[in-house]
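Fold and geometry: a report
Letter by letter, the chains look like this.
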Amino acid sequence: MPDFSLEEAARAEGVVGAIVGVDEVGRGPWAGPVFASAALLFERDAPPTFLAALADSKTLSRKQREALAPEIVRFGVVALGEASVAEIERLNVLQASLLAMARAVDALGARLGAAPGLALVDGNRPPKLCCEVKTVVKGDGKSLSIAAASIFAKVLRDRHMAELATQHPGYGWERNAGYGVPEHVHGLRMHGVTIHHRRTFTPIAKLLTQQDS
């Protein structure tokens, strides 16, 4: 279960300033932007029951994530960053994810009035940030700050995809968040490719090639 061990160790090593968790969501879907979140939890104020409920967003149900999102805002400061489909196409999805993380940290720094002292980033690829970076493989299962960022980013991206689903019904984005599940595949066959699809992703590129042939 995630805890504050990494945050406490960083302070013991002399890190000055806010220690924030950073995570992204949306690298795998065939449609929609990448979202990232940076989160600073108020460790002394956050109740144990809330902290105990934080975990890797992928291990929680949508209902659990939705219930935790307002609590994350209540017991912390959180900010979002986004990379558009156009940026994913231009940069590739990894670089777009790193860009979204940088935007999230910049936005959090603006809210705090100063850049963080350290960003604990989920994964093994460090984004270029305005502060010191420590990557943490499977960090959303180790750091409560990263877990909070993971949950918040997932909730906000799911909501965004549900909004897009009202404009482009038939793909099931309100349920599948743009991932390549059978419902989404069926929608592509019935309705074609939208402006929100990632055309450089192999399944979408193949479909476009078939339509042109």
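Located above this text is the structure these notes cover.
Definitions and limits used
Residues numbered from 1 in each chain as written. Predicted model: local features only at pLDDT ≥ 70, side-chain atom pairs only at ≥ 80, totals over all residues. Heavy atoms only, no water. Phe/Tyr/Trp six-rings, centres within 6.5 Å; stacked < 30°, edge-to-face > 60°. Buried < 20%, exposed > 50% of the residue type's maximum accessible area, 1.4 Å probe, protein only. Salt bridge = Lys/Arg side-chain N within 4 Å of Asp/Glu carboxyl O. Helix = DSSP H or I, 4+ residues; strand = E, 2+ residues; numbered from the N terminus. Arc of directions from axis to C-beta. Pairing = 2+ DSSP bridges. Axes fitted to C-alpha atoms, helices over the stretch in contact; angles between N-to-C directions. Contact = heavy atoms within 4.5 Å.

This structure, assessed with the given rule, holds two aromatic pairs. For the pair Tyr 171 and Trp 173, a centre-to-centre distance of 5.1 Å together with 20 degrees between the ring planes defines the contact as stacked. Both residues of the pair, Tyr 171 and Trp 173, count as buried.

Right, let's get into the pattern of salt bridges. If you walk through the whole model with that rule in mind, you get ten salt bridges. In this structure, Glu 183 engages Arg 175 in a salt bridge whose closest nitrogen and oxygen atoms are separated by 2.3 Å.

A word on helix H8 (residues 182–191). If you check which residues of H8 are buried, you get His 184, Gly 187 and Leu 188. Mapping the buried residues of H8 onto a view down its axis gives an arc of 100 degrees, with all of them on the same face. Structural note: H8 exposes Pro 182, Arg 189 and Met 190 on the side pointing more than 90 degrees away from its buried face. Phi turns positive, to about 85 degrees, at Gly 192, one or two residues after H8.

We note that Lys 138 has phi near 55 degrees; this positive angle belongs to a residue other than glycine. Within the element layout of this structure, Lys 138 appears in the loop between strand S5 (132–136) and helix H6 (144–167). Despite not being glycine, Ala 177 shows a phi value in the positive range, around 55 degrees.

What follows deals with the sheet that holds strand S1 (residues 19–25). The strand order S3-S2-S1-S4-S5 describes an open sheet built from five strands, whose pairing is mixed. Unpaired on one side and paired on the other, strand S3 (76–83) and S5 mark the two borders of the sheet. The sheet shows a mean angle of 25 degrees between the axes of neighbouring strands, taken without regard to direction. When strand S4 (residues 118–122) meets S5, the two strands line up parallel, connected through five bridges. Across the sheet, the residue bridging to Ala 119 is Val 133, located in S5. Those strands touched by helix H5 (residues 93–112) are S1, strand S2 (34–41), S3 and S4, and its axis lies near 145 degrees from that of S3.

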